[in-house]
Amino acid sequence: MNFESRNPFLNNKSFSATSATRKEEVHQATIIDYNQEMTLSGTINKTLLLFLLLTASAMVIWWMSFNGMNPIIPTIGGAVVGLILVVVSAFKPQYSSYLAPGYALFEGLFIGGISAIFEAMYPGIVIQAVGATFVTFAVCLGLYKFKIVKVTEQFKSVVVAATLAIATYYLISWLVSMFTSFQPVHHGNSMMSIGISVFVIIIAALNLFLDFDRIEKGVQEKMPKYMEWFAAMGLMITLVWLYIEFLRLLSKLSSKD
(Lines give C-alpha, C1' and ligand atoms only; values in the text may rest on other atoms or scores of the structure.)
Protein backbone atom coordinates (compact mmCIF):
# COMPACT_ATOMS: atom_id res chain seq x y z
CA MET A 1 0.00 0.00 0.00
CA ASN A 2 1.48 3.35 -1.05
CA PHE A 3 1.11 6.15 1.46
CA GLU A 4 2.24 9.71 0.95
CA SER A 5 2.35 12.77 3.16
CA ARG A 6 -0.98 13.55 4.79
CA ASN A 7 -0.16 17.22 4.53
CA PRO A 8 -3.21 18.54 2.58
CA PHE A 9 -0.82 19.86 -0.06
CA LEU A 10 1.82 17.19 -0.34
CA ASN A 11 -0.66 14.37 -0.72
CA ASN A 12 -0.63 11.45 -3.08
CA LYS A 13 -3.54 12.59 -5.24
CA SER A 14 -2.29 16.07 -6.10
CA PHE A 15 1.30 15.12 -6.84
CA SER A 16 0.41 11.87 -8.63
CA ALA A 17 -2.09 13.60 -10.91
CA THR A 18 0.45 16.29 -11.79
CA SER A 19 3.13 13.67 -12.34
CA ALA A 20 0.86 11.66 -14.62
CA THR A 21 0.11 14.74 -16.71
CA ARG A 22 3.80 15.51 -16.93
CA LYS A 23 4.63 12.00 -18.13
CA GLU A 24 1.92 12.21 -20.77
CA GLU A 25 3.44 15.44 -22.09
CA VAL A 26 6.84 13.79 -22.35
CA HIS A 27 5.33 10.75 -24.11
CA GLN A 28 3.74 13.05 -26.67
CA ALA A 29 7.10 14.72 -27.25
CA THR A 30 5.91 18.07 -25.94
CA ILE A 31 8.95 20.29 -25.46
CA ILE A 32 8.97 22.09 -22.12
CA ASP A 33 11.67 24.55 -21.20
CA TYR A 34 13.72 23.80 -18.07
CA ASN A 35 12.59 27.10 -16.55
CA GLN A 36 9.04 25.74 -16.47
CA GLU A 37 10.01 22.78 -14.30
CA MET A 38 9.94 22.47 -10.54
CA THR A 39 13.37 22.90 -8.94
CA LEU A 40 14.66 22.55 -5.40
CA SER A 41 16.12 26.07 -5.33
CA GLY A 42 12.84 27.49 -6.61
CA THR A 43 10.89 25.67 -3.91
CA ILE A 44 13.27 26.92 -1.22
CA ASN A 45 13.01 30.51 -2.45
CA LYS A 46 9.23 30.39 -2.49
CA THR A 47 9.15 28.84 0.97
CA LEU A 48 11.28 31.71 2.27
CA LEU A 49 9.01 34.24 0.58
CA LEU A 50 5.90 32.69 2.14
CA PHE A 51 7.62 32.67 5.52
CA LEU A 52 8.43 36.38 5.21
CA LEU A 53 4.84 37.19 4.25
CA LEU A 54 3.49 35.17 7.16
CA THR A 55 5.94 36.75 9.59
CA ALA A 56 5.14 40.29 8.41
CA SER A 57 1.41 39.68 8.75
CA ALA A 58 1.86 38.11 12.18
CA MET A 59 3.99 41.01 13.40
CA VAL A 60 1.32 43.54 12.40
CA ILE A 61 -1.36 41.72 14.40
CA TRP A 62 1.09 41.19 17.27
CA TRP A 63 1.82 44.94 17.43
CA MET A 64 -1.85 45.88 17.17
CA SER A 65 -2.81 43.37 19.87
CA PHE A 66 -0.35 44.83 22.35
CA ASN A 67 -1.63 48.30 21.53
CA GLY A 68 -5.20 47.66 22.58
CA MET A 69 -6.79 45.70 19.71
CA ASN A 70 -8.69 42.49 20.47
CA PRO A 71 -6.86 39.73 18.52
CA ILE A 72 -9.80 37.31 18.50
CA ILE A 73 -11.39 38.53 15.26
CA PRO A 74 -8.21 38.50 13.08
CA THR A 75 -7.21 35.19 14.65
CA ILE A 76 -10.47 33.47 13.75
CA GLY A 77 -10.77 35.25 10.41
CA GLY A 78 -7.23 34.38 9.42
CA ALA A 79 -7.72 30.73 10.36
CA VAL A 80 -10.97 30.43 8.38
CA VAL A 81 -9.72 32.15 5.23
CA GLY A 82 -6.42 30.29 5.43
CA LEU A 83 -8.27 26.98 5.60
CA ILE A 84 -10.41 27.92 2.60
CA LEU A 85 -7.31 28.75 0.55
CA VAL A 86 -5.75 25.43 1.57
CA VAL A 87 -8.81 23.49 0.40
CA VAL A 88 -9.01 25.37 -2.90
CA SER A 89 -5.32 24.86 -3.62
CA ALA A 90 -5.54 21.18 -2.73
CA PHE A 91 -8.02 20.72 -5.58
CA LYS A 92 -6.51 23.36 -7.90
CA PRO A 93 -2.73 23.28 -7.40
CA GLN A 94 -2.22 25.18 -10.68
CA TYR A 95 -3.49 28.30 -8.88
CA SER A 96 -0.99 27.94 -6.05
CA SER A 97 1.13 30.85 -7.25
CA TYR A 98 -1.81 33.12 -6.35
CA LEU A 99 -3.28 31.22 -3.41
CA ALA A 100 -0.03 30.49 -1.54
CA PRO A 101 0.86 34.16 -0.84
CA GLY A 102 -2.73 34.77 0.24
CA TYR A 103 -2.53 31.79 2.57
CA ALA A 104 0.69 33.11 4.11
CA LEU A 105 -0.84 36.53 4.76
CA PHE A 106 -4.06 35.24 6.32
CA GLU A 107 -2.31 32.50 8.26
CA GLY A 108 -0.06 35.24 9.58
CA LEU A 109 -3.13 36.91 11.06
CA PHE A 110 -3.96 33.67 12.86
CA ILE A 111 -0.38 33.11 14.04
CA GLY A 112 0.02 36.71 15.20
CA GLY A 113 -3.28 36.68 17.06
CA ILE A 114 -2.87 33.32 18.76
CA SER A 115 0.73 34.16 19.66
CA ALA A 116 -0.36 37.43 21.27
CA ILE A 117 -2.99 35.59 23.32
CA PHE A 118 -0.51 33.00 24.57
CA GLU A 119 2.16 35.65 25.24
CA ALA A 120 -0.25 37.66 27.36
CA MET A 121 -0.97 34.56 29.44
CA TYR A 122 2.58 33.21 29.58
CA PRO A 123 5.24 35.90 28.94
CA GLY A 124 8.21 34.60 26.95
CA ILE A 125 6.39 31.57 25.56
CA VAL A 126 6.37 32.74 21.93
CA ILE A 127 10.13 33.07 21.53
CA GLN A 128 10.51 29.60 23.06
CA ALA A 129 7.99 28.10 20.64
CA VAL A 130 9.59 29.84 17.65
CA GLY A 131 13.02 28.60 18.69
CA ALA A 132 11.78 25.05 19.23
CA THR A 133 10.10 25.05 15.80
CA PHE A 134 13.22 26.24 13.99
CA VAL A 135 15.47 23.79 15.82
CA THR A 136 13.12 20.91 15.02
CA PHE A 137 12.96 21.90 11.35
CA ALA A 138 16.75 22.21 11.11
CA VAL A 139 17.34 18.85 12.81
CA CYS A 140 14.80 17.07 10.59
CA LEU A 141 16.25 18.66 7.46
CA GLY A 142 19.76 17.61 8.46
CA LEU A 143 18.68 14.05 9.25
CA TYR A 144 16.94 13.81 5.88
CA LYS A 145 19.70 15.44 3.84
CA PHE A 146 22.40 13.16 5.22
CA LYS A 147 20.16 10.08 4.85
CA ILE A 148 20.25 9.35 8.57
CA VAL A 149 16.48 8.99 8.41
CA LYS A 150 15.21 7.26 5.28
CA VAL A 151 11.61 7.64 4.19
CA THR A 152 10.56 4.07 3.44
CA GLU A 153 7.06 2.85 2.70
CA GLN A 154 6.78 1.46 6.24
CA PHE A 155 7.89 4.83 7.65
CA LYS A 156 5.22 6.58 5.60
CA SER A 157 2.56 4.11 6.71
CA VAL A 158 3.29 4.64 10.41
CA VAL A 159 3.38 8.45 10.16
CA VAL A 160 0.23 8.61 8.05
CA ALA A 161 -1.67 6.31 10.42
CA ALA A 162 -0.59 8.33 13.46
CA THR A 163 -1.49 11.62 11.75
CA LEU A 164 -4.94 10.35 10.83
CA ALA A 165 -5.46 9.12 14.38
CA ILE A 166 -4.55 12.54 15.79
CA ALA A 167 -6.81 14.37 13.34
CA THR A 168 -9.70 12.03 14.14
CA TYR A 169 -9.20 12.40 17.89
CA TYR A 170 -9.06 16.21 17.68
CA LEU A 171 -12.17 16.36 15.51
CA ILE A 172 -14.23 14.04 17.71
CA SER A 173 -13.09 15.80 20.90
CA TRP A 174 -14.00 19.18 19.45
CA LEU A 175 -17.45 18.06 18.31
CA VAL A 176 -18.27 16.34 21.60
CA SER A 177 -17.06 19.28 23.72
CA MET A 178 -19.26 21.65 21.70
CA PHE A 179 -22.48 19.91 22.72
CA THR A 180 -21.57 18.43 26.11
CA SER A 181 -19.53 19.28 29.19
CA PHE A 182 -16.92 16.72 28.17
CA GLN A 183 -13.36 17.83 28.88
CA PRO A 184 -10.92 16.32 26.33
CA VAL A 185 -7.94 14.50 27.78
CA HIS A 186 -5.48 16.74 25.95
CA HIS A 187 -6.81 19.83 27.74
CA GLY A 188 -5.35 20.90 31.05
CA ASN A 189 -1.82 20.37 32.32
CA SER A 190 -1.98 16.78 33.55
CA MET A 191 0.85 14.40 32.74
CA MET A 192 -1.47 12.63 30.28
CA SER A 193 -2.19 15.91 28.50
CA ILE A 194 1.50 16.82 28.35
CA GLY A 195 2.31 13.35 27.04
CA ILE A 196 -0.25 13.74 24.26
CA SER A 197 1.26 17.08 23.26
CA VAL A 198 4.74 15.55 23.10
CA PHE A 199 3.42 12.71 20.94
CA VAL A 200 1.67 15.11 18.56
CA ILE A 201 4.84 17.21 18.21
CA ILE A 202 6.82 14.09 17.32
CA ILE A 203 4.29 13.13 14.64
CA ALA A 204 4.24 16.69 13.26
CA ALA A 205 8.04 16.59 13.04
CA LEU A 206 7.96 13.22 11.29
CA ASN A 207 5.59 14.71 8.72
CA LEU A 208 8.44 17.02 7.72
CA PHE A 209 10.37 14.00 6.47
CA LEU A 210 7.44 12.99 4.29
CA ASP A 211 7.21 16.53 2.95
CA PHE A 212 10.94 16.65 2.15
CA ASP A 213 10.66 13.31 0.37
CA ARG A 214 7.67 14.38 -1.71
CA ILE A 215 9.40 17.63 -2.72
CA GLU A 216 12.51 15.74 -3.75
CA LYS A 217 10.46 13.36 -5.86
CA GLY A 218 8.56 16.28 -7.40
CA VAL A 219 11.86 17.78 -8.55
CA GLN A 220 13.06 14.44 -9.91
CA GLU A 221 9.82 13.95 -11.82
CA LYS A 222 10.18 17.45 -13.34
CA MET A 223 6.77 18.67 -12.28
CA PRO A 224 5.42 22.05 -13.50
CA LYS A 225 6.83 25.26 -12.05
CA TYR A 226 3.66 26.09 -10.09
CA MET A 227 4.27 23.01 -7.95
CA GLU A 228 7.05 24.97 -6.25
CA TRP A 229 4.37 27.22 -4.73
CA PHE A 230 2.26 24.19 -3.92
CA ALA A 231 5.13 22.45 -2.14
CA ALA A 232 6.24 25.61 -0.34
CA MET A 233 2.72 26.11 0.96
CA GLY A 234 2.65 22.52 2.13
CA LEU A 235 5.81 23.00 4.17
CA MET A 236 4.36 26.14 5.72
CA ILE A 237 1.26 24.21 6.78
CA THR A 238 3.39 21.63 8.57
CA LEU A 239 5.54 24.28 10.25
CA VAL A 240 2.46 26.19 11.44
CA TRP A 241 1.06 22.97 12.91
CA LEU A 242 4.37 22.28 14.64
CA TYR A 243 4.56 25.83 16.06
CA ILE A 244 1.01 25.70 17.44
CA GLU A 245 1.70 22.36 19.11
CA PHE A 246 4.84 23.77 20.72
CA LEU A 247 2.78 26.70 22.02
CA ARG A 248 0.27 24.27 23.52
CA LEU A 249 2.95 22.14 25.16
CA LEU A 250 4.85 25.10 26.59
CA SER A 251 1.64 26.64 27.94
CA LYS A 252 0.86 23.39 29.78
CA LEU A 253 4.34 23.27 31.26
CA SER A 254 4.16 26.95 32.26
CA SER A 255 0.79 26.52 33.94
CA LYS A 256 2.25 23.85 36.21
CA ASP A 257 4.76 26.28 37.70
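Since this is a predicted model, take the numbers as computed values, not measurements. (Residues numbered from 1 in each chain as written. Predicted model: local features only at pLDDT ≥ 70, side-chain atom pairs only at ≥ 80, totals over all residues. Heavy atoms only, no water.)

**Q** I tried to follow the nonpolar core on my own but got confused; where do I start?
**A** One broad rule of soluble globular proteins: the nonpolar side chains tend to lie buried together. Counting 52 residues, the largest nonpolar core has L50, Y103, I111, I244 and L247 as the members making the most contacts within it. Listing elements by their share of this core, those giving two or more residues are helix 2 (40-65), helix 3 (72-91), helix 4 (96-121), helix 5 (125-145), helix 6 (153-179), helix 7 (191-220) and helix 8 (227-255). Tallying contributions element by element places helix 8 first for this core, with 18 residues. With near-sequence residues (within four places) excluded, I111 lies in contact with L54, A58, V240, Y243 and I244. Of all hydrophobic cores here, the second largest spans 5 residues; its members include A162, I166, V200 and I203. (Core = buried A, V, L, I, M, F, W, Y, C linked by side-chain atoms within 4.5 Å. Buried < 20%, exposed > 50% of the residue type's maximum accessible area, 1.4 Å probe, protein only. Helix = DSSP H or I, 4+ residues; strand = E, 2+ residues; numbered from the N terminus. Contact = heavy atoms within 4.5 Å.)

**Q** Even after reading the chapter, I still don't get the packing of helix 3 against helix 4, so can you show me in this structure?
**A** Between two packed helices, both the angle of their axes relative to each other and the distance between the axes serve to describe the pair. Where helix 3 meets helix 4, the closest approach of the two axes is 7 Å, and the angle between their N-to-C directions is 150°. Classified by the angle between their axes, helix 3 and helix 4 sit roughly antiparallel to one another. Pair helix 3 / helix 4 crosses with left-handed handedness. Between helix 3, through I72, P74, T75, G78, A79, V81, G82, L85, V86, V88 and S89, and helix 4, the contact on the second element is made entirely by S96, L99, G102, Y103, F106, E107, L109, F110, G113, I114 and I117. (Axes fitted to C-alpha atoms, helices over the stretch in contact; angles between N-to-C directions. Parallel < 35°, antiparallel > 145°, perpendicular 65-115°, else oblique. Left-handed = near helix turned anticlockwise from the far one by under 90°.)

**Q** Hey, could you run me through the packing of helix 5 against helix 8 in this one?
**A** Relative to each other, helix 5 and helix 8 sit at 135°, their axes nearing to 9 Å. Comparing their axes, helix 8 and helix 5 come out oblique. As helix 5 runs across helix 8, the sense of the crossing is right-handed. From helix 5, I125, V126, Q128, A129, V130, A132, T133, T136 and F137 reach across to helix 8, where they touch L239, L242, Y243, F246, L247, L250 and S251. By residue class, the composition of the contact of helix 5 with helix 8 is 12 nonpolar, 4 polar and no charged. (Nonpolar A, V, L, I, M, F, W, Y, C, P; charged D, E, K, R; others polar.)

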